[in-house]
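Structural features, examined
Take a look at the letters that make up each chain.
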Amino acid sequence: MVSIATFLLLKKNYSKINIILNFISVIFLLSSGWPHGVIGYAVFVGITLVFEFKQSGKLNKVVYLSIPAILALIFSFPIYSEYIFSHDLTNRVSGFDSSLRTFIPSWSTIILGFFPTFYDYMTYISYRLVLLPLGFSTLFLPMVFFYRNIKELWQRDNILKWFSTLIIIFFLLSQMPSQFGPLRWPFRFLPFISFFICLAVFYILQYAHIIQGKEIILNKKIYISLYIILGGFFLFLPVYAGFDTLTLILSLVLILFLLEHDLFNFKKSILVNFNKKYFLVILFVFCLVFFNSWNLHPFYIVLQIFSVWLLILSPKIIERKSSYGMIGLTLSILLLFLNGLPTLGGSYQRQTELAERIQLPDNVNLQGYVLSLPLNIYLKQTRQLNDIASAQFGFYDIKSINGYSPVGSKRLEKILPVNQSAHGIFASKPTLENILQSAKGFNVCQAVLMQISTIIVNKDDYAAFSHQFKQCGYSEVQSADSRSDLYVSLPFTLTKGWENNSPFVYPDIAGVRIVKHENNTDWVQIPEHKDNITLIFPRLWWYGYSANINDHILSVTADSSGSLVQVSVPSDFNGVLRLSYFPVTWRYLWFLPILAIMGLITLLFFNGKIKERLKLELKIF
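Let us look at the structure shown here.

Scoring rules and cut-offs
- All residue numbers refer to positions counted from 1 along the written sequence of the respective chain.
- Confidence filtering applies because this is a predicted model: local features only for residues at pLDDT of at least 70, side-chain atom pairs given and counted only at 80 or more, and all residues used for totals across whole chains, interfaces and linings.
- Hydrogen atoms and water are omitted, and side-chain values are computed over all heavy atoms in the structure.
- Under the DSSP-based scheme used, a helix requires at least four consecutive residues in state H or I and a strand at least two consecutive residues in state E, with every element numbered from the N terminus.
- Residue burial is assigned from relative accessible area. The probe radius is 1.4 Å, only protein chains are included, and a residue is buried under 20% of its type maximum, exposed over 50%, and partly exposed in between.
- Contact criterion: two residues are considered in contact whenever any of their non-hydrogen atoms come within 4.5 Å of each other.
- Residue burial considers only the protein chains on display, and all accessible areas are found by Shrake-Rupley using a 1.4 Å probe.
- The criterion for strand pairing is that DSSP finds at least two bridges linking the strands in question.
- Axes here mean lines fitted to C-alpha atoms, for a helix over just the part in contact, with angles spanning 0 to 180 degrees between N-to-C directions.
- Nine residue types can take part in a nonpolar core, namely buried Ala, Val, Leu, Ile, Met, Phe, Trp, Tyr and Cys, and a core is a set of them joined through side-chain atoms within 4.5 Å.
- Between N or O atoms, a polar contact is any pair within 3.5 Å; within protein, one atom must be a potential hydrogen donor and the other a potential acceptor, and residues adjacent in sequence are included only when both atoms are from side chains.
- Throughout, disulfides are identified as pairs of cysteine sulfur atoms within 2.5 Å of each other.

1. So, the overall build of the chain
Along the chain, the regular secondary structure elements total 24 helices and 22 strands. The buried share of the chain, taken over its 621 residues, is 48%. The contacts in the chain between residues at least 6 apart in sequence include a share of 71% that link residues at least 24 apart. About 31,400 Å² of surface is accessible on the chain, with carbon and sulfur atoms providing 63% of the total.

Structure follows, in structure tokens:
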């Protein structure tokens with residue numbers, strides 16, 4: 001949104017400060033690595049430039065407006081260069097798949113998004129995720145169709161057409177397949193829909209002429225009946241649903257009374273001079289929302305009734321043009337929104353309760369990595385080591401093979417086949433077959449090379465592979481307190497130094513020790529030796545690793561499995577070996593940020609001449 005704002009500032013005034021702001025904001029956007037944000041900004045800029053060219057007919061203006069973003073792309077390209085260079089090593093979920101419409105927002109969710117308490121599933125079967133309401137920014141959407149002359153505004157200028165085009169395009173993007181390259185999980189385009197609907201609504205409210213429709217005329221008896229029914233309902237509800245709702249009801253009534261002092265005045269009711277069609281539409285929408293969530297806690301019924309009240313009040317608040325009223329309305333919507341969230345998750349989505357601490361078994365070897373094979377991502381509570389799944393190991397500061405990443409390693413997945421790569425959920429039997437066999441060229445198992453000190457495994461799987469476990473040095477040390485899981489570990493005597501990620505040495509010689517371990521660098525002391533030695537580091541292989549000893553470059557390759565880093569040390573080399581990682585492409589593209597800065601300086605230097613040539617007008621179009 002900051003990038004969009006700076007682009008509009010640049011379009012309005014092609015000044016030096018706006019050029020710099022747009023350049024910096026686009027760099028931050030590209031650095032975030034959020035593909036939907038980048039695609040959304042590109043779509044916005046593209047459509048805006050098309051409308052600009054259609055109106056002005058000046059291609060040079062379109063080019064100059066694009067230059068800051070192009071320079072930012074050049075500056076940020078090294079962020080993506082290594083990912084592109086390593087495409088043959090990475091496995092990102094792609095393809096064309098829309099089964100169960102996972103992460104595709106429904107039309108009702110978007111159309112009824114103006115209702116502050118309309119909650120709905122993102123998907124109903126495979127992944128239950130709450131879709132938060134858009135109503136916080138689009139509350140006034142239905143009002144503009146009944147209180148403003150949109151047709152006249154549409155014919156008068158192109159701004160409303162520009163907004164409409166953006167809304168339609170982002171709506172189409174939100175309906176793309178669940179899996180479709182960088183467009184996957186299209187619900188992430190919803191913020192753009194909400195943002196541009198919000199802009200369009202406020203533009204209409206500001207510039208469109210007011211129109212009056214047919215008014216509702218009710219007599220005093222009907223007013224009294226309505227308030228008696230509503231008051232009786234709110235008095236009965238706390239008895240039925242719990243007195244915790246009473247505080248919410250009183251708070252909301254107080255806020256509504258502060259917003260509309262004539263709330264209980266029958267002669268000046270909110271229904272006086274009220275648009276009949278708008279009122280009927282709001283009631284109809286309320287019925288849809290109510291039947292969508294009738295099985296939820298009665299707490300939400302209170303929220304929904306007050307949402308209707310806010311929608312009915314909103315035209316009066318807009319007419320008064322009161323900052324106090326607008327602030328009060330915004331806070332009211334926020335109060336409804338926040339009160340609905342705490343218990344909503346329990347009704348709509350699965351969640352795991354993580355204990356602040358768990359008791360780790362004393363005899364389970366945690367010097368190396370833990371590999372957890374049970375499928376336990378659907379547990380409601382985490383109480384012990386075998387309950388942990390996916391990225392939860394990081395929460396408890398436990399080194400593990402499991403983790404969470406949307407981008408997997410093709411070579412690692414050959415050894416550790418996955419059911420769901422993003423969550424590190426491994427197929428247990430193929431995984432055990434691969435890691436419990438001897439690595440080529442070495443008389444140890446692949447699991448030892450990967451420094452897996454403990455494997456959490458189901459009892460049936462352990463029974464099927466008990467012989468292979470014993471051959472690799474693993475033994476059952478303890479059974480889990482729940483379910484049928486076992487902790488299978490290596491002896492502590494075989495894993496000395498693994499807590500510092502010390503490499504496997506072949507042939508084994510005395511004196512090789514890890515001096516220092518950092519995220520991208522290892523320092524290893526190599527003593528004098530007669531034969532060539534091979535070091536296997538417990539690091540995932542990527543392009544960019546290099547090693548040297550006493551300024552002599554050493555050979556660095558992938559091991560026989562293709563997944564780990566292997567360094568060969570000749571017989572006459574000894575001292576401190578340094579293994580480090582640095583992106584390959586950065587060695588050649590380091591000049592791009594400098595080139596982008598030089599281009600920006602040149603653009604700023606000629607800014608005065610560009611402004612004279614363009615003669616930009618201080619308006620949107």
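2. A look at the sheet that holds strand β19 (residues 545-549)
The strand order across the open sheet formed by eight strands is β15-β18-β21-β20-β19-β22-β17-β16, and the pairing between neighbours is antiparallel. Strand pairing shows two members of the sheet lacking a second neighbour, β15 (504-506) and β16 (513-517), which therefore form its edges. The average angle at which neighbouring strand axes cross in this sheet is 25°, direction not considered. The pairing of β15 with strand β18 (residues 533-540) spans three bridges and is classified as antiparallel. Note that in β18 the partner of Phe 504 across the bridge is Ile 536.

3. Focus on the nonpolar core
Core analysis: the biggest nonpolar cluster contains 88 residues, and Tyr 14, Phe 44, Phe 115, Trp 162, Phe 170, Phe 196 and Phe 306 have the highest contact counts within it. When residues in this core are grouped by element, the largest group, 15 residues, is from helix α14 (residues 298-320). Dropping the residues within four chain positions of it, Phe 306 is found in contact with Phe 234, Ile 249, Leu 252, Val 253, Leu 256 and Leu 336. In this structure, Leu 436, Cys 445, Ile 452 and Ile 536 belong to the second largest nonpolar core, which totals 31 residues.

4. A word on the side chain of Asn 501
Here Asn 501 is to be found in the loop between β14 (485-489) and β15. For Asn 501, the side chain forms a polar contact with the side chain of Tyr 369, separated by 3.1 Å.

5. Describing the state of the cysteines
The tally for this structure, following the rule as stated, stands at one disulfide. Here Cys 445 pairs with Cys 472 through a disulfide, and the sulfurs are 1.9 Å apart. Every disulfide takes its handedness from the sign of the S-S torsion; for Cys 445 and Cys 472 that torsion is -80°, giving left-handed. Taken together, the residues span a long stretch of sequence, with Cys 445 in the loop between α18 (428-435) and α19 (446-449) and Cys 472 in helix α21 (residues 466-472) at a distance of 27 residues. Exposure remark for Cys 445: the relative accessible area of 6% places this residue in the buried category. Under the relative-accessibility criterion, Cys 472 is labelled buried at 9%.

6. A short note on the pairing of strand β7 (residues 369-372)
Where burial is concerned, the two faces of β7 agree: the one with Tyr 369 and Leu 371 and the one with Val 370 and Ser 372 are both buried. Pairing geometry for β7 and strand β12 (residues 452-458), over four bridges, is parallel. In the strand pairing of β12, Tyr 369 is matched with Ile 452.

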